[in-house]
Amino acid sequence: MQLQVNHHSRTNMTHHTERANFGSKLGIILATAGSAVGLGNVWRFPYMTGQNGGAAFILIYLGCVLLLGIPCMLSEFIIGRRGAANTSRVYSKVVLAADTERNATTSRWRLLLPKFIGLLGITTGFLITSYYAVVSGWCLQYIYASAAGQLKGDANYVTTYFTEFSTSPLRPIFWTVAILFITYFVICRGVRGGIERASKLLMPTLFILLVIIVVASCMLPGAKEGIEFLLKPDFSRLNSGVFLGALGQSFYSLSIGMGCLATYASYYSRQTNLLSSAVQISFVDSFIAILAGLMIFPAAFSVGVSPDSGASLVFITLPNVFNQAFSSMPVVGYVVALFFYALLSLAALTSLISLHEVSTAFFHEEFRLTRNRAALVVTVLCCIIGAFCSLSLGAVEGISLFGRSLFDVFDFITGQIFLPVGGFLTCLFLGWFVPKKLIRDEFTNGGTIWKNSPLFTIFLFLIRFICPVAIAAIFLDQLGVFGA
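Parameters and conventions
Residues numbered from 1 in each chain as written. Predicted model: local features only at pLDDT ≥ 70, side-chain atom pairs only at ≥ 80, totals over all residues. Heavy atoms only, no water. Phe/Tyr/Trp six-rings, centres within 6.5 Å; stacked < 30°, edge-to-face > 60°. Buried < 20%, exposed > 50% of the residue type's maximum accessible area, 1.4 Å probe, protein only. Lys NZ or Arg CZ within 6 Å of the ring centre and 35° of its normal. pLDDT = per-residue confidence, 0-100. Helix = DSSP H or I, 4+ residues; strand = E, 2+ residues; numbered from the N terminus. Patch = residues over 30% accessible without salt bridge, like charges linked within 9 Å, V, L, I, M, F, W, Y side chains within 5 Å. Areas by Shrake-Rupley, 256 points an atom, 1.4 Å probe, with all protein chains shown as cover. Salt bridge = Lys/Arg side-chain N within 4 Å of Asp/Glu carboxyl O. Expected span 1.5 Å × (residues − 1). Contact = heavy atoms within 4.5 Å. Polar contact = N/O pair within 3.5 Å; in protein donor to acceptor, adjacent residues only side chain to side chain. 1 Å grid on protein atoms, 1.4 Å probe; cavity = no way out; pocket = protein on both sides within 12 Å on 5 of 7 lines; lining within 4 Å. Points joined across faces, edges and corners; volume = space filled by probe spheres on them. Nonpolar A, V, L, I, M, F, W, Y, C, P; charged D, E, K, R; others polar. Disulfide = S-S within 2.5 Å.

Just to check I follow, could you spell out the packing of aromatic side chains for this structure?
The geometry of an aromatic ring pair is captured by two quantities: the separation of the ring centres and the angle between the planes. The full count for this structure, using the stated rule, is 33 aromatic pairs. With a centroid separation of 5.2 Å and 65° between ring planes, the pair formed by Tyr-184 and Phe-185 is classed as edge-to-face. Its relative accessible area of 13% is what places Tyr-184 among the buried residues. Ring pairs connect the aromatic residues Tyr-131, Trp-138, Tyr-142, Tyr-157, Tyr-161, Phe-162, Phe-315, Phe-322, Phe-340, Tyr-341 and Phe-407, which therefore count as one cluster. Across the ring face of Trp-432, the terminal group of Arg-464 is positioned such that the distance to the ring centre comes to 5.0 Å.

What follows is the structure, encoded as structure tokens:
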């Protein structure tokens, strides 16, 4: 069976006028960087760095961002802007556009892969929104706890506090619902009035708070050792696991495969320089991740805390670090802790906004709901699923699958299966399925930029050969194929 498509000129960009656009280049950079900058930078990057030897891991991570992250991000930008639709539809629209240029009809089987990739992105973004909101809610609770002085005490007290809070039946759900509705009110105000305006406020605030805490941390006695750990490479720690860990972190940190980048790119104007935007956003993302390391490790080394404390670093280890490091200056310690968890909450919120928008755009366009109603549907559904994820962490027995809590199941499925599979298929789709002429048109903005540059050839080579192999390596490693 053949699908008939409407023919139009390649240079006809009227489809962009039917959708909202970001209003400025700064808005594009801050909004998209905000989607990438989140708990992956401020929470996951430092403990991954600590577990993999410090500066050597960072150098490999930066190489992975350059060779894998930027090409994959640019791929999603090209698909998103060209298709100018929500993630579930955008891949199919790119196929239709390509076939229109060839004056060809589109068979249904040619749309199966694009539709699958699009729906996978929507599903991934929706599930991540649901359980990510739980951790984001913890950040709000810790702002309150810091302000109320509830985190003062020894290491055992701080550990008990987190355990009792995270397994409580009501308090984590309250904060989960709270941050989802904060996100809802931003999303309801639209692309320019909500997402762009919020990003212009939240991202500079996040950066200022980060710099304040970095300065306070680096001024502690003994902080020099932590700075050296972060900036002086120890290549003796390198092994295949470190390389694959760096690949996986670059993927996670840049929000590749979640639907966020393609969704935001669908709001880009025809004049947006996609390559420059991808480079700038990746730089901001990596710079903030390294600043997060400068915030955490000098303080940790100052009080003798191991840098490889793992995922507990933020909610268990750091309150203890703040208590010890600023024991002689309790007021300063109080302010630093309060600022830190405010920073963490802002980072979580910027990512949550982008994740929420993926599903909101889907409901808005596919079910023809108003934007506000679509956002409300997503918010309510995420509140329900998020509540079950929270309860599965210990408040209620029996909420589990395959011997894991519901929270851990969603984290595993999205992070270790859906994200790498989605990224892998996107590379294959753009590199081998989409005509080279169409890709070049988006890369060069219709031949107005990068016209005689070798960058397009390099990009196409990376996306066809290097990126799929690297992503496949991440995927197989996460499944344990390469051993312990």
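Honestly, the confidence of the model for the protein in this entry has me stumped. Any pointers?
Detailed reading of the predicted coordinates is not advisable wherever pLDDT falls low. Confidence in the prediction of the protein, expressed as mean pLDDT, is 87, and 95% of residues score 70 or more. Across the protein, the secondary-structure element scoring lowest on mean pLDDT is strand β1 (residues 2–3), at 35, and the one scoring highest is helix α15 (residues 371–391), at 97.

Sorry if this is basic, but what is going on with a nonpolar patch on the surface here?
On the surface, Phe-207, Ile-208, Val-211, Ile-212, Val-215, Met-219, Phe-283 and Phe-287 cluster together into a nonpolar patch covering about 770 Å² of accessible area. Here the nonpolar patch takes five residues from helix α8 (residues 191–218), the largest share from any one element.

How should I be thinking about the environment of Leu-344 in this particular structure?
For Leu-344, the location among the structural elements is in helix α14 (residues 330–366). On the accessibility criterion, Leu-344 (0% relative accessible area) is buried. Between the C-alpha atoms of Leu-344 and Ala-84, which are 260 residues apart in sequence, the distance is 32 Å.

Just to check I follow, could you spell out helix α10 (residues 240–253) for this structure?
Think of an α-helix as 3.6 residues a turn; residues three or four steps apart then line up on the same face. For α10, built from 14 residues, the straight-helix expectation of 20 Å at 1.5 Å per residue is met to within 8% by its first-to-last C-alpha distance of 20 Å. A large share of α10 lies buried, amounting to eleven of its 14 residues. Residues of α10 that are buried include every one of Val-242, Leu-244, Gly-245, Ala-246, Leu-247, Gly-248, Gln-249, Ser-250, Phe-251, Tyr-252 and Ser-253, and no others. Packing partners of the buried residues in α10 comprise α1 (25–36), α2 (39–51), α3 (55–83), α12 (274–302), α16 (406–433) and α18 (455–478). Capping the start of α10 is the job of one residue whose side-chain oxygen sits 3.0 Å from the backbone nitrogen of Val-242: Asn-239. Where α10 terminates, the next one or two residues include Ser-255, which has phi positive at roughly 60°.

Sorry if this is basic, but what is going on with helix α7 (residues 171–188) here?
With 18 residues, α7 ought to run about 26 Å at 1.5 Å a step, and its terminal C-alpha atoms sit 26 Å apart, in line with that. Here α7 has its buried residues at Pro-172, Ile-173, Trp-175, Thr-176, Ile-179, Leu-180, Thr-183, Tyr-184, Val-186, Ile-187 and Cys-188. Against the buried residues of α7 lie α5 (112–147), α6 (155–166), α8, α14 and α15. Among the residues trailing α7, Gly-190 stands out with phi positive, at a value near 90°.

Help me understand the layout of surface pockets in this model?
In this approach a probe as big as a water molecule rolls over the atoms, and the regions it shows empty are the leftover space. What the largest pocket holds in volume is close to 830 Å³. Lining the largest pocket are 35 residues, with Trp-43, Arg-44, Tyr-47, Asp-411 and Gln-416 sitting closest to its centre. Of all the elements in the fold, those that place two or more residues in the lining of the largest pocket are α2, α5, α10, α16 and α18. Of the residues contributing to the lining of the largest pocket, the split by class is 20 nonpolar, ten polar and five charged.

Mind showing me how you'd approach unusual backbone geometry here?
Peptide bonds are mostly trans, and most non-glycine residues show a negative phi. The backbone of Ala-84 sits at a positive phi, close to 45°, despite the residue not being glycine. Its place among the elements puts Ala-84 in the loop between α3 and α4 (87–101). Even without being a glycine, Trp-450 presents a positive backbone phi close to 50°. Examined against the element boundaries, Trp-450 turns out to sit in the loop between α17 (436–443) and α18. Trp-450 sits in the partly exposed class, given a relative accessible area of 29%.

I keep staring at the state of the cysteines and nothing clicks. Help me out?
Each disulfide is one covalent bond, formed between the sulfur atoms of two cysteines. Following the criterion strictly, the structure yields zero disulfides and no others. In this model Cys-139 remains outside any disulfide bridge; the closest cysteine sulfur is found in Cys-389, 16 Å from its own. Taking the relative accessible area as the measure of exposure, Cys-139 reaches 0% and is therefore buried. Cys-467 forms no disulfide, and the closest cysteine sulfur to it belongs to Cys-72, at a distance of 4.1 Å.

Mind showing me how you'd approach the side chain of Thr-32 here?
If you trace the backbone, Thr-32 turns up in helix α1. Judged by its relative accessible area of 0%, Thr-32 is buried. At a separation of 2.8 Å, a polar atom in the side chain of Thr-32 contacts the main-chain carbonyl oxygen of Ile-28. For Thr-32, the side chain forms a polar contact with the side chain of Tyr-268, separated by 2.7 Å. Apart from the residues lying within four places of it in its own chain, the contact partners of Thr-32 are Phe-77, Leu-261, Tyr-264, Tyr-268 and Ile-281.

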